[in-house]
Amino acid sequence: MLKNHEINALTEQQAEESRKAHGSNALTPPEQSSFWQELWETFRGDALIRILTVALIITVVFAIIGVGDWLEAVGIAIAVVLATAVSTYSEYSNNQLFQKLQDEYSKILCKVFRSREGQVQVCNLKIDEIVTGDYVLLQAGDKVCADGFLVDGEIKVNQASLNGESEEAKKSAAPADYCYTPDQVDFLDVHKVYRGSVVTTGEAIMQVRCVGDHSQFGRLAQELKEDEERESPLKVKLGKVADAISRFGYIGGALIAIAFFINCAFFTPTLINGAASYFSGANVMQILRDLVSSVTLAVVIIVVAVPEGLPMMIALVSGLNMKKLLKDNILIREIDGAETAGSLNILFSDKTGTITKGALQVVDFISPQGKEFQRFDAIPAPLREMLLINICGNTNAVALVNHGKLQVTGGNATERALHEFTGAEGTQAYESLQLECTDSLMFNSANKYSASTMAGKLNKTIVKGAPEKLLANCTSYYDENLQIHPLTDAVRADLDAHMAALSEKAMRVLAFATSDQPIGDSLLQNMTFVGLVGIRDELRPEAVEAIRTAKRAGIQVVMVTGDKKETAAAIARDAKLIDATDDLALTSEDLAALSDEELKKILPRLRVVARALPTDKSRLVRVSQELNLVVGMTGDGVNDAPALKKADVGFAMGSGTEVSKEAAEITILDDNFNSVVKTVLYGRTIYNNIRKFIVFQLTINISAVLIALIGPFLGMGTPLSVTQMLWVNIVMDTLAALALGGEPALDRYMDEKPKRRDESIISKNMWSSLLTTGLYLTGASLVFLLHPFFQTLFRADGAVVYEGHDIYFMTGFFCFYVLSAMLNGFNVRTEKLNVLDNVGQNKMFLYVMGLIAVIQVLMTFIGGAILRTAPLTVNEWGVVVLLSLIILPVGTLRKLIFPEKHA
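Nothing here was measured: the structure is a model prediction, and the numbers come from that model.

Engineer: Looking at this structure, how should I read the overall build of the protein chain?
Structural biologist: Along the backbone of the protein chain there are 31 helices and 28 strands. Looking at the protein chain as a whole, 57% of its 903 residues are labelled buried. For the protein chain, contacts bridging at least 24 residues in sequence account for 72% of all contacts bridging at least 6. Accessible surface, the protein chain: about 38,100 Å² in total, of which carbon and sulfur atoms supply 56%.

So this is what it looks like as structure tokens:
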């Protein structure tokens, strides 16, 4: 056993002095790119920006020699800089927020011995708070927090992150004369441990000697590289959509350039002899200017049509939802984890602390003779002492008594509950026995028991584990005076009846025994039975509703637990997980007897896996994925890591091991199944918000490209100027993403069925929306421009700026187009007829839409020749607003004709 009472723990003052002398344990973070660096990289790395810049340079050159338009050049420059700056800032700020929250909530907690008020206490401190001289408790699943050496205990560690060797290394306590040399790195030293190593088995106490950047891990930190980022199904789908739209944009841009040039050559009214005059030698500079204008227009159309930021929407929307997720105790460790969770088909969940409260309490001790005791001090003294040794001598938890109060740290929930049962007096009584643990065997799911060999007052091996495992190997039992009697069939039958009664009450049952054999192959032979304890773990009230919600969302929930089948089934019934006669509850042995094909056939009816092994979890994930299901897995232990990594979405518990957290994409900070289900809701919200953005963007894509393409053939040239189109691109891309990315998580999303892996991100309903609205906006724009009635609604005393049209009329058209596109955002944000449905839950949407409207008004005053705008009167604005509002009933009519149908 660990002799923690001999530790010379630091006081808070000594810890602060050590921090000043030896430095902090925080690692120097990698250098972050500044906003200006990110902006420069965007300019350098974006091919479209480079193309547009070339077009800008050519326009400037022609302006210098007198045949170009300075105002157009200035307009392009301003629009390019503004669009790039807004886009870069949006992505930069959200990535910064995501990283900040990750750093804040992902810090490893370490079990550190500190001296407070004259008493040694085990405190949970963040890894950055560790200092040189601290003593740290290391247990299975922990990551070593600094460099140092062991002073007590024995562990095995995986040092692969440091030396690349996957083989576990055995580490043991150093002798009193051990000399630690910080500059000498030796992974084979059996006493040294290094930051970044993972404790796989055992328990030990280390003394910290090197912290932060001075540790070996700190020295290597700048050289360590992240694993290559995996692309989620949604990111792949977005990439395909972006590629398809890009092809449309490139083709459209080329056709528009040709159409514009043809219009200049053949349909320009000022040409007396038509094309012959246009292509004459005297008109060379005009031809060059028109060519440059054609290419510039084509590039702008491509910029407008190509959604280069679409694949990055996951990061943007996830960043916007990060704080909301944290409020619900959900930490996204990989940015695409939440959206994948929205597509879950099947979820394998732990029981303890997830579906149940995890606040375990020992409520019953049953002696071998069938007597029940609800209090530890009510057990007869001789048998009570034997039980005390079995509890305190065979544990991974550390129990300390400070000022008469019991403090239990480490171990699992069951071990902590057992210590609470013995109380502070029991812990002090055990320490007075001065027993020594000479060998130990940790609990694992395969053995289903743990053991410790004791020396001193009791020279036996004490064993704790599953009742069916221990009772089957016991041949005798202790009475209340520790007299040994044969374990007859009648006694076994009585104990079986007690266990069945406890299991029916959904209680976990644990057995204790002693063996005269050392830890080894013969340990379980002819053991002597000590007794049983019943441990209560109450069902989380919210878990019942969460399971009901998961079922409503089309997610199959399977509870995977180490409990007996009877106990697990009772809890599953209480949680409404089992509610049909053909629902199945199987044990690990039942699963092992099934082939993969047989398991696939019964998988849809599976609800409980009892006495589960870690290998069962990995197999369940594999078989489910072979059925093309999107699989979620919860876990908290070292052995859960492979299954968490293999699942499409791994959910680690906040109280779990660091190894499980690193293997998972998502950490549930409150260990609550309800939070797991909320993650699914947020995932679906992210998916739906991205879909809304796509509809909004493609609607403008279709209309802008069609207007620019059809315009020249109808003698209208390009109704939207280059700078106006670039402003439309800002509205469509960055501002729309901010507005729609924050749409609220609505409970009705849980009525939708999970999305198939091969399902297109653009649904039939989305096609109906973008085609209906896109074609309406195109048609309405052409009618606005061609019908003489609309020209009469605007003043005709301004400058003639375009194809014979007055500047006030063209300003009205520009405002009509932008406001119509903006108001279409209200259509796409909800499938309900009420476009204001839940709009109060996304104030960012209202702010952004208001900002677009205000800027649009300002542009009419300050845009001038660059934006081809002029101030409008109140009456003219009234016309623009009324015409723009027509898009709302158009969207409503479409919803009535093509209502949303959930799969």
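Engineer: Would you take a moment to explain the sheet that holds strand β26 (residues 666-668) for this structure?
Structural biologist: Backbone hydrogen bonds hold the strands of a sheet together, and the pairing may be parallel or antiparallel. Read from one edge of the open sheet, eight strands run β8-β26-β25-β24-β9-β21-β23-β22, paired in mixed fashion. The sheet is open, and its two borders are formed by β8 (330-332) and β22 (584-587), each paired with just one other strand. If you compare each strand with its neighbour and ignore which way they point, the axes differ by 20° on average. Direction of pairing for β22 relative to strand β23 (residues 606-610): parallel, over a ladder of four bridges. In the sheet register, Leu 586 faces β23, and the bridge partner there is Val 609.

Engineer: Sorry if this is basic, but what is going on with helix α17 (residues 565-574) here?
Structural biologist: Given 3.6 residues per turn, any residue in an α-helix points the same way as the ones three and four places further on. For α17, every residue scored as buried is listed here: Thr 567, Ala 568, Ala 569, Ala 570, Ile 571 and Ala 572. Those residues of α17 that are buried are in contact with α15 (489-504), β19 (508-515), β21 (556-560) and β23. One or two residues past the end of α17 sits Lys 576, with phi positive at roughly 65°.

Engineer: Any chance you could explain unusual backbone geometry here in plain terms?
Structural biologist: Note on backbone geometry: most residues besides glycine have negative phi, and most peptide bonds are trans. With phi around 65°, Lys 448 is a residue other than glycine that occupies positive phi space. Along the polypeptide, Lys 448 turns up in the loop between β14 (436-441) and β15 (449-455). Its relative accessible area of 18% is what places Lys 448 among the buried residues. Backbone geometry at Arg 611 places phi at a positive 50°, although glycine is not the residue there. Structurally, the position occupied by Arg 611 is in the loop between β23 and α20 (614-626). The buried category is assigned to Arg 611, whose relative accessible area is 13%.

Engineer: Just checking my understanding: could you explain the environment of Val 463 for this structure?
Structural biologist: For Val 463, the position within the fold is in strand β16 (residues 461-465). Given a relative accessible area of 0%, Val 463 falls into the buried group. Taking the C-alpha atoms as reference points, Val 463 and Ala 451, 12 residues apart in sequence, are found 4.5 Å from one another.

Engineer: Hey, could you run me through the confidence of the model for the protein chain in this one?
Structural biologist: Should pLDDT be low for a region, the predicted coordinates there are not to be read in detail. Averaged over the protein chain, the pLDDT score is 83; the fraction of residues at 70 or greater is 84%. Per-residue pLDDT stays below 50 along residues 1-5; that stretch engages in 17 contacts with residues further than four places along the chain or on separate chains. This model gives residues 223-230 a pLDDT under 50, and the stretch forms seven contacts once residues within four places in sequence are excluded.

Engineer: Would you take a moment to explain the pattern of salt bridges for this structure?
Structural biologist: Pairing between side chains of opposite charge can happen when the charged atoms of each approach one another. Counted by the stated rule, this structure contains 35 salt bridges. With a shortest N-O distance of 3.0 Å, Arg 116 and Glu 12 are connected by a salt bridge. Of the two residues, Arg 116 sits in strand β1 (residues 109-116) while Glu 12 sits in helix α1 (residues 12-22), which places them 104 residues apart along the sequence. What makes Arg 116 partly exposed here is its relative accessible area of 29%. Overlapping salt bridges bring together Asp 596, Glu 597, Lys 600, Arg 619, Arg 622 and Glu 626 as one network.

Engineer: Sorry if this is basic, but what is going on with the packing of aromatic side chains here?
Structural biologist: Pairs of aromatic rings are described using the distance from one ring centre to the other and the angle between the two planes. Using the criterion set out here, one finds 13 aromatic pairs in the structure. When the ring of Phe 784 is compared with that of Phe 809, the centres are 5.3 Å apart and the planes differ by 20°; the resulting orientation is stacked. With Phe 784 in helix α25 (residues 764-786) and Phe 809 in helix α27 (residues 807-828), this pair connects stretches of sequence that are 25 residues apart. As far as the burial class goes, Phe 784 and Phe 809 line up, both buried. Through successive ring pairs, a cluster of aromatic residues spans Phe 784, Phe 789, Phe 790, Phe 794, Phe 809, Phe 813 and Phe 816. Looking at Arg 795, its charged tip hangs above the ring of Tyr 808, at a distance of 3.6 Å from the centre.

Engineer: Hey, could you run me through a nonpolar patch on the surface in this one?
Structural biologist: A surface patch of nonpolar side chains, about 500 Å² in accessible area, is lined by Leu 833, Leu 893, Leu 896, Ile 897 and Phe 898. Examined against the element boundaries, Ile 897 turns out to sit in helix α31 (residues 887-897).

Engineer: Quick question: what am I supposed to make of the pairing of strand β20 (residues 527-536) here?
Structural biologist: A regular strand places its side chains so that they alternate between the two faces of the sheet. Among the 10 residues of β20, nine are classified as buried, and the element is accordingly described as predominantly covered. Bridging between strand β17 (residues 474-478) and β20 involves three bridges; their strand directions are parallel. When the sheet's bridge partners are listed, Cys 474 is paired in β20 with Met 527. Here β19 pairs with β20 via seven bridges, running antiparallel. Directly across from Leu 510, in β20, lies its bridge partner Val 533.

Engineer: Before we go on, may I ask you to explain the packing of α25 against α27 in this structure?
Structural biologist: Orientation of α25 relative to α27, taken along the N-to-C sense of each, is 165°, at an axis distance of 11 Å. Between α25 and α27, the angle is such that the two are roughly antiparallel. Read as a crossing pair, α25 and α27 show a hand that is right-handed. Touching Ser 769, Thr 773, Leu 777, Ala 780, Ser 781, Phe 784 and Leu 785 of α25 are Phe 809, Met 810, Gly 812, Phe 813, Phe 816, Tyr 817, Ser 820, Asn 824 and Val 828, all from α27. Considering only residue class, the contact of α25 with α27 consists of 10 nonpolar, six polar and no charged.

Engineer: What's the story with the environment of Val 144 in this structure? I'm lost.
Structural biologist: Considering the arrangement of structural elements, one finds Val 144 in the loop between β3 (135-139) and β4 (147-158). Sequence-wise, Val 144 and Val 208 are 64 residues apart; in three dimensions their C-alpha atoms are separated by 10.0 Å. Excluding residues within four positions of it along the chain, Val 144 makes contact with Leu 138, Val 193, Tyr 194, Arg 195, Gly 196, Ser 197, Val 199 and Met 206.

Engineer: Could you clarify how one ought to interpret the environment of Gly 370 in this entry?
Structural biologist: With respect to the helices and strands, Gly 370 occurs in the loop between β10 (361-366) and β11 (372-373). Taking the C-alpha atoms as reference points, Gly 370 and Val 491, 121 residues apart in sequence, are found 8.1 Å from one another. Residues within four places of Gly 370 in sequence aside, it is in contact with Asp 494 and His 498.

Engineer: Mind showing me how you'd approach the side chain of Asn 394 here?
Structural biologist: Within the fold, Asn 394 resides in the loop between α12 (381-392) and β12 (397-402). Side-chain polar atoms of Asn 394 contact the backbone oxygen of Ser 450, separated by 3.1 Å. If near-sequence neighbours (up to four positions away) are discounted, Asn 394 is found in contact with Ile 389, Glu 415, Ser 450, Ala 451, Ser 452, Ile 462, Val 463 and Lys 464.

Engineer: Can you walk me through the packing of α27 against helix α30 (residues 874-885) in this structure?
Structural biologist: A pair of packed helices is characterised by two quantities: the angle between their axes and the separation of those axes. Look at α27 against α30: their axes get within 8 Å of each other, and the N-to-C directions meet at 35°. By crossing handedness, the relation of α27 to α30 is classed as right-handed. Together, Tyr 808, Gly 812, Cys 815, Phe 816, Leu 819, Ser 820 and Leu 823 of α27 and Glu 876, Trp 877, Val 880, Leu 883, Ser 884 and Leu 885 of α30 make up the contact between the two elements.

Engineer: Can you help me understand the side chain of Thr 561 in this one?
Structural biologist: With respect to the element layout, Thr 561 can be found in the loop between β21 and α17. Looking at Thr 561, the relative accessible area reads 6%, which means it is buried. For Thr 561, the side chain forms a polar contact with the main-chain nitrogen of Asp 563, separated by 3.1 Å. Setting aside residues no more than four positions away along its own chain, Thr 561 makes contact with Lys 351, Ala 568, Val 609, Ala 610, Arg 611 and Ala 612.

Rules behind the numbers
- Every chain begins its residue count from 1, and numbering advances along the sequence as written.
- Residues qualify for local features only when their pLDDT is at least 70, as the model is predicted, and side-chain atom pairs are given and counted only at 80 or more; totals for whole chains, interfaces and linings, by contrast, use all residues.
- Calculated side-chain values reflect all of the structure's heavy atoms, with hydrogen atoms and water omitted.
- Per the convention used, a helix needs a DSSP run of H or I reaching at least four residues, while a strand needs a run of E reaching at least two, with both numbered from the N terminus.
- To sort residues, take the accessible area from a 1.4 Å probe on protein chains only and compare it with the maximum for the residue type: under 20% means buried, over 50% means exposed, and anything in between is partly exposed.
- Contact criterion: two residues are considered in contact whenever any of their non-hydrogen atoms come within 4.5 Å of each other.
- Computed with a 1.4 Å probe, the accessible areas rest on the Shrake-Rupley method; for each residue, only the protein chains presented here act as cover.
- Any two strands with at least two DSSP bridges between them are considered paired.
- Here an angle of 0 to 180 degrees is reported between the N-to-C directions of two axes, which are lines fitted to C-alpha atoms, with helices fitted over the stretch in contact.
- In predicted models, pLDDT denotes the confidence assigned by the predictor to each residue on a 0 to 100 scale.
- Counted as salt bridges are all cases of a side-chain nitrogen of Lys or Arg within 4 Å of a carboxyl oxygen of Asp or Glu.
- Aromatic pairs are defined between Phe, Tyr and Trp rings, using the six-membered ring for Trp, whenever the two ring centres lie within 6.5 Å; interplanar angles under 30 degrees are classed as stacked, those over 60 as edge-to-face, and all others as tilted.
- Two thresholds decide whether a charge sits over a ring: the Lys NZ or Arg CZ must be within 6 Å of the ring centre and within 35 degrees of the ring normal.
- Put simply, a patch holds well-exposed residues, over 30% relative accessible area, that have no salt bridge, with like charges counted together within 9 Å and Val, Leu, Ile, Met, Phe, Trp or Tyr side chains within 5 Å.
- Angles are sorted into four bins: roughly parallel if under 35 degrees, roughly antiparallel if over 145, roughly perpendicular if 65 to 115, and oblique for all others.
- Left-handed describes a crossing whose near helix is turned anticlockwise from the far helix through less than a right angle; right-handed describes the clockwise counterpart.
- Throughout this entry, Asp, Glu, Lys and Arg are counted as charged residues, while Ala, Val, Leu, Ile, Met, Phe, Trp, Tyr, Cys and Pro are counted as nonpolar. The remaining residues, Gly among them, count as polar.
- Here a polar contact is taken to be a pair of N or O atoms separated by no more than 3.5 Å, where protein atoms must pair a possible hydrogen donor with a possible acceptor and residues adjacent in sequence count only if both atoms sit in side chains.

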